[in-house]
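# Secondary and tertiary structure notes
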Amino acid sequence: MLAPAACAAAVSYYRARDCRLRPAKEPILNALLAGLLAEHRLPAGSIVDAGSADGRTACYFAAIAPERAVHAVDPSYRNVLWTQRKYGQRHPNLLPLHGGLGDEPAANMTTRRSLITADQNFSIFRLDDLFEREWKGETLALGHFDVEGWEEHVLRGGVRVIKRDLPLLTTEVEVHRRPAAARALLRLVDELQYDSFLVEEIAGMQADIRNLLHIPRARRPLFRGSNVLDVAVASRTLFAVTAETIGGFAYPCCRLGEPCCPSSYHCCSHNLVNKWLNSIVRQGGADLQWSTRTSWYDQQMHVFRPEMLRIQEEERTRNVSEAGLSFNKPLASSNSKRRWGRGRGGRARG
């Protein structure tokens, strides 16, 4: 019989490899995609996760959709090996590929290590070429692209496949720090006959980084009536956007010259946005969305509470620094205990 410590270690080991558990990073986006898969809203075909990093999100897709091939593409050879060794045996439909995606094929590419941890040379592939050669016979159902500002190039390299298969697409943009790139991306997907929706959830180290969900207009009947999308819209976590309107989302204070972006070198940090939110709350009447008040590195702490509506109303009248933000984790923990009526030791207060 295993000792308690050994049992705990074994449970932790297998939980780390149980990809059916939704990743802590970007929970709203992942929940949307998982829900659409469960509702059978996606066409038949493969999933491509470009910029797969440690492979955790790609493995999640492989676990909840075992009938689909999931291609995890990343420029870091270490990430590819990690993905294969950690998840490959349990999920044979997870297929790592060392390289990057773009609009022009290239070999022996290098990039800044600090940006995407590409620890050695890698090749650039076009989606169109991959589906004609390496992935011949497959169709694309979902393209999940998080490639550090290279999303437009990825789409241009896959125009033929996108027009042929009409997949669901996701991309990541910096709404205010790189507004021209965000608008160019939205114009491109509009030309490809896609509707775009912004997921109101911080998706990176800067507070204006957001994911976009792109739905092909030709498949509108397939997505109409989706409970997943209806709930997301009703709860104000999913907003229709265009190149002209996206600047009104993801903290408009992050526009260059505004309070959260005094200069291009010091723009839209969590600290600046926190100060701006504090000032808005002090002025009264601010409607702060819970989905934007978490950051990618502490979203695992974000849980639903039965008394959420009452708490939300209370928070609108309080200083944001006391509202359980990621910048104040110790205070958030103590606030959580007070809300549940529990003190130290887990005993209910009298």
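- Looking at an unreviewed UniProt entry, one finds the chain named Methyltransferase FkbM domain-containing protein and attributed to Prymnesium parvum.

## Re the state of the cysteines
- On inspection of all chains with the given rule, the structure shows four disulfides.
- Paired by a disulfide, Cys19 and Cys59 hold their sulfur atoms 1.9 Å apart. Where Cys19 bonds to Cys59 through sulfur, the torsion about that S-S bond is close to 90°, and the disulfide is right-handed. Of this pair, Cys19 sits in the loop between helix H1 (4-16) and helix H2 (27-38) while Cys59 is found in helix H3 (residues 56-64), placing the two residues 40 residues apart along the sequence.
- On the basis of relative accessibility, which here comes to 0%, the residue Cys59 falls in the buried class.
- Across the chain, the disulfide pattern expressed with sequentially numbered bonded cysteines is 1-2, 3-5, 4-8, 6-7.

## Structural notes on the packing of aromatic side chains
- Using the criterion set out here, one finds four aromatic pairs in the structure.
- Relative to Trp135, the ring of Phe131 has its centre 5.3 Å away and its plane inclined at 85°; by these criteria the two rings are edge-to-face.
- When the centroid spacing of 6.3 Å and the interplanar angle of 75° are considered together, the rings of Tyr251 and Trp276 count as edge-to-face. Of this pair, Tyr251 sits in the loop between strand E11 (238-241) and helix H12 (270-283) while Trp276 sits in helix H12, and the two are 25 residues apart along the sequence.
- The partly exposed category is assigned to Trp276, whose relative accessible area is 24%.

## Observations concerning unusual backbone geometry
- Positive phi values are uncommon outside glycine, yet Ala53 reaches one of about 55°.
- The exposure class assigned to Ala53 is partly exposed, which follows from its relative accessible area of 34%.
- Non-glycine residue Gln193 carries a positive phi angle of around 65°.

## Re the pattern of salt bridges
- Counted by the stated rule, this structure contains 16 salt bridges.
- Among the salt bridges present, the one from Asp146 reaches Lys25, with a minimum N-O distance of 4.0 Å. One end of the pair, Asp146, is in the loop between strand E7 (140-145) and helix H7 (151-156); the other, Lys25, is in the loop between H1 and H2, with 121 residues separating them in the sequence.
- The class of Asp146 is buried, set by a relative accessible area of 12%.

## Topic: the pairing of strand E1 (residues 46-50)
- E1 sits mainly inside the fold: five of its five residues count as buried.
- Across the two faces of E1 the burial is the same, with Ser46, Val48 and Ala50 and Ile47 and Asp49 all buried.
- Sheet analysis places E1 next to E7, joined by five bridges and oriented parallel. In the strand pairing of E7, Asp49 is matched with His144.

Reading the values: rules and limits
- Residues numbered from 1 in each chain as written.
- Predicted model: local features only at pLDDT ≥ 70, side-chain atom pairs only at ≥ 80, totals over all residues.
- Heavy atoms only, no water.
- Disulfide = S-S within 2.5 Å.
- Helix = DSSP H or I, 4+ residues; strand = E, 2+ residues; numbered from the N terminus.
- Buried < 20%, exposed > 50% of the residue type's maximum accessible area, 1.4 Å probe, protein only.
- Phe/Tyr/Trp six-rings, centres within 6.5 Å; stacked < 30°, edge-to-face > 60°.
- Salt bridge = Lys/Arg side-chain N within 4 Å of Asp/Glu carboxyl O.
- Pairing = 2+ DSSP bridges.

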